[in-house]
Amino acid sequence: MTQNDEIESFSVPGAIAETLQRYIDGARTGDIALLRSAFAEGARVSGSYGGKPVTWSLGEFCDAVAKGGPAPGLQARIVAIEAAGGAAMARLEALDWRGTRYTDFFVMVRRADGWRIDSKVFHAHARA
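Residues numbered from 1 in each chain as written. Predicted model: local features only at pLDDT ≥ 70, side-chain atom pairs only at ≥ 80, totals over all residues. Heavy atoms only, no water.

**Q** Explanation requested: the pattern of salt bridges in the structure shown.
**A** Should their charged atoms come close, side chains of opposite charge can pair. Enumeration over the complete set of coordinates arrives at five salt bridges. Ionic pairing is found between R28 and D25, a salt bridge with its closest N-O pair at 3.5 Å. Of this pair, R28 and D25 are both found in helix 1 (residues 3-29), three residues apart, which corresponds to roughly one turn of the helix. Using a relative accessible area of 26% as the deciding quantity, one classes D25 as partly exposed. Across the pair E93 and R101 runs a salt bridge, and its minimum N-O distance is 2.9 Å. We classify E93 as buried; its relative accessible area is 7%. When salt bridges with common partners are traced through the structure, they connect R91, E93 and R101 into a single cluster. (Salt bridge = Lys/Arg side-chain N within 4 Å of Asp/Glu carboxyl O. Helix = DSSP H or I, 4+ residues; strand = E, 2+ residues; numbered from the N terminus. Buried < 20%, exposed > 50% of the residue type's maximum accessible area, 1.4 Å probe, protein only.)

Given below as structure tokens:
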């Protein structure tokens, strides 16, 4: 591995965290364009909401977030990032996204313009 390879691999978790921060900030402020910028085109979102399974396209997910509006009380922390080459996974814990706690699992891909969420699988915990 060259020194440039070492420097690049060291910067990967920070670059992934920047993408996830756009997702968090978009949710917190209700800025759907910012939230959408964290995702790859064609991304899918799946999980359980209200005890029922859901699978949404990126557009459907963004519509649902827009309908609910900003989540100013949202607290979120990244608890894991793992990467290999142009693929990665991340886990995010979120509290008080409009009264609900979530655990999100992201599969991420590196594109020419940076890291993007390719898919999200979430679990909605009991409402706070």
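**Q** Explanation requested: the layout of surface pockets in the structure shown.
**A** Using a probe with the size of a water molecule, rolled over the atoms, empty space left in the structure can be pinpointed. The computed volume of the largest pocket comes to approximately 240 Å³. Taken together, 13 residues line the largest pocket, and the ones lying closest to its centre are Y49, W56, F61, R98 and Y102. When residues of the lining of the largest pocket are traced back to their parent elements, those giving at least two are helix 3 (58-68), strand 5 (100-111) and strand 6 (114-127). In terms of residue class, the lining of the largest pocket is built from nine nonpolar, one polar and three charged. (1 Å grid on protein atoms, 1.4 Å probe; cavity = no way out; pocket = protein on both sides within 12 Å on 5 of 7 lines; lining within 4 Å. Points joined across faces, edges and corners; volume = space filled by probe spheres on them. Nonpolar A, V, L, I, M, F, W, Y, C, P; charged D, E, K, R; others polar.)

**Q** I tried to follow the confidence of the model for the chain on my own but got confused; where do I start?
**A** Regions with low pLDDT carry predicted coordinates that are not meant to be interpreted in detail. Of all residues in the chain, 97% have pLDDT values of 70 or greater, and the mean over the chain is 93. The lowest-confidence element of the chain is helix 1, averaging 89 in pLDDT; the highest-confidence one is helix 2 (residues 32-36), averaging 98. (pLDDT = per-residue confidence, 0-100.)

**Q** Even after reading the chapter, I still don't get helix 3, so can you show me in this structure?
**A** Because each turn of an α-helix spans 3.6 residues, side chains separated by three or four positions end up pointing in the same direction. The complete set of buried residues in helix 3 reads L58, F61, C62 and V65. The arc that holds every buried residue of helix 3, seen down its axis, measures 95 degrees, which confines them to one face. Those residues of helix 3 that are exposed and aimed more than 90 degrees away from the buried face are D63 and K67. Where helix 3 ends, the next residue or the one after it, G69, has phi of about 85 degrees, a positive value. (Arc of directions from axis to C-beta.)

**Q** I tried to follow the environment of V109 on my own but got confused; where do I start?
**A** Within the secondary structure, V109 sits in strand 5. Look at V109 and you get buried, because its relative accessible area is 15%. Between the C-alpha atoms of V109 and G85, which are 24 residues apart in sequence, the distance is 9.1 Å. Those residues within four positions of V109 in sequence are excluded, and the remaining contacts are A40, G86, G114, W115, R116 and D118. (Contact = heavy atoms within 4.5 Å.)

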